[in-house]
Amino acid sequence: MARQLPPTAPSDDSPKGDPWHAFGYIVSGVAVYGLAGWALDRWLGTTFLVAIGILIGAGFGIYMTYARFNKASAHADTPSSDKHRGD
């Protein structure tokens, strides 16, 4: 009978967050700021604010994605106080 080895810990190169959060942040940023740009275009009678809103929304979505994944990475890298109690 073959000896079974215990499962190994995941490697450090695995993703630290859910990729659907990244997709959601970017799509919702584009949608919300694009809609705001469209509304301002209709109100002011211009035609360029929707494009600016989409670009700003994409930028904010990318920033929020970076901030969330960077925060998740920082939490995964810090040791828990329970592991190093010294009992």
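This one's a predicted model, so the numbers in the text were calculated from it and none came from an experiment. All chains use their own residue numbering, which begins from 1 and follows the written sequence. The predicted origin of the model limits local features to residues at a pLDDT of at least 70 and limits the giving and counting of side-chain atom pairs to 80 or more, whereas totals for whole chains, interfaces and linings rest on all residues. Calculated side-chain values reflect all of the structure's heavy atoms, with hydrogen atoms and water omitted.

Observations concerning the UniProt feature "transmembrane region" (unreviewed entry) in the protein
UniProt positions are given in the numbering used here, feature names are shortened, and annotations may be inferred rather than shown by experiment. As annotated in UniProt, the feature "transmembrane region" (unreviewed entry) corresponds to residues 20-40 and 47-66 in the numbering used here. A run of H or I in DSSP counts as a helix once it spans at least four residues, and a run of E counts as a strand once it spans at least two, with each numbered from the N terminus. End C-alpha to end C-alpha, residues 20-40 measures 30 Å, and it is 100% helix and 0% strand.

Here we look at the environment of His21
Checked against the element boundaries, His21 lands in helix α1 (residues 19-44). His21 sits in the partly exposed class, given a relative accessible area of 34%. It is 7.4 Å that separates the C-alpha atoms of His21 and Thr65, two residues lying 44 residues apart in sequence. Think of it in three bands: residues with accessible area under 20% of the maximum for their type are buried, residues over 50% are exposed, and the middle band is partly exposed, with areas taken using a 1.4 Å probe on protein chains only.

Regarding the packing of aromatic side chains
Aromatic pairing here means that ring centres of Phe, Tyr or Trp (its six-membered ring) are within 6.5 Å. Orientation follows from the plane angle: under 30 degrees is stacked, over 60 is edge-to-face, and everything else is tilted. Taken as a whole and assessed by the stated rule, the structure comprises two aromatic pairs. Aromatic side chains Trp20 and Phe23 sit 5.5 Å apart centroid to centroid with 90 degrees between the ring planes, which places their arrangement in the edge-to-face category. Of this pair, Trp20 and Phe23 both sit in helix α1, three residues apart, which is roughly one turn of the helix. Judged by its relative accessible area of 62%, Trp20 falls in the exposed class. Taken together, a centroid distance of 5.3 Å and an interplanar angle of 55 degrees make the contact between Tyr33 and Phe60 tilted. Of this pair, Tyr33 sits in helix α1 while Phe60 sits in helix α2 (residues 49-77), and the two are 27 residues apart along the sequence. Given a relative accessible area of 34%, Tyr33 falls into the partly exposed group.

Describing the environment of Gly59
Counting through the fold element by element, Gly59 comes out in helix α2. Using a relative accessible area of 36% as the deciding quantity, one classes Gly59 as partly exposed. In sequence terms Gly59 and Ile26 are 33 residues apart; their C-alpha atoms lie 8.0 Å from each other.

Considering α1
Expected helix span is taken as 1.5 Å per residue step, with the number of steps being one fewer than the number of residues. Spanning 26 residues, α1 covers 37 Å between terminal C-alpha atoms, matching the ideal 38 Å at 1.5 Å per step. Of the residues making up α1, those classed as buried are Ala22, Gly29, Gly34, Gly37 and Asp41. One or two positions beyond α1, positive phi appears at Gly45, with a value near 75 degrees.

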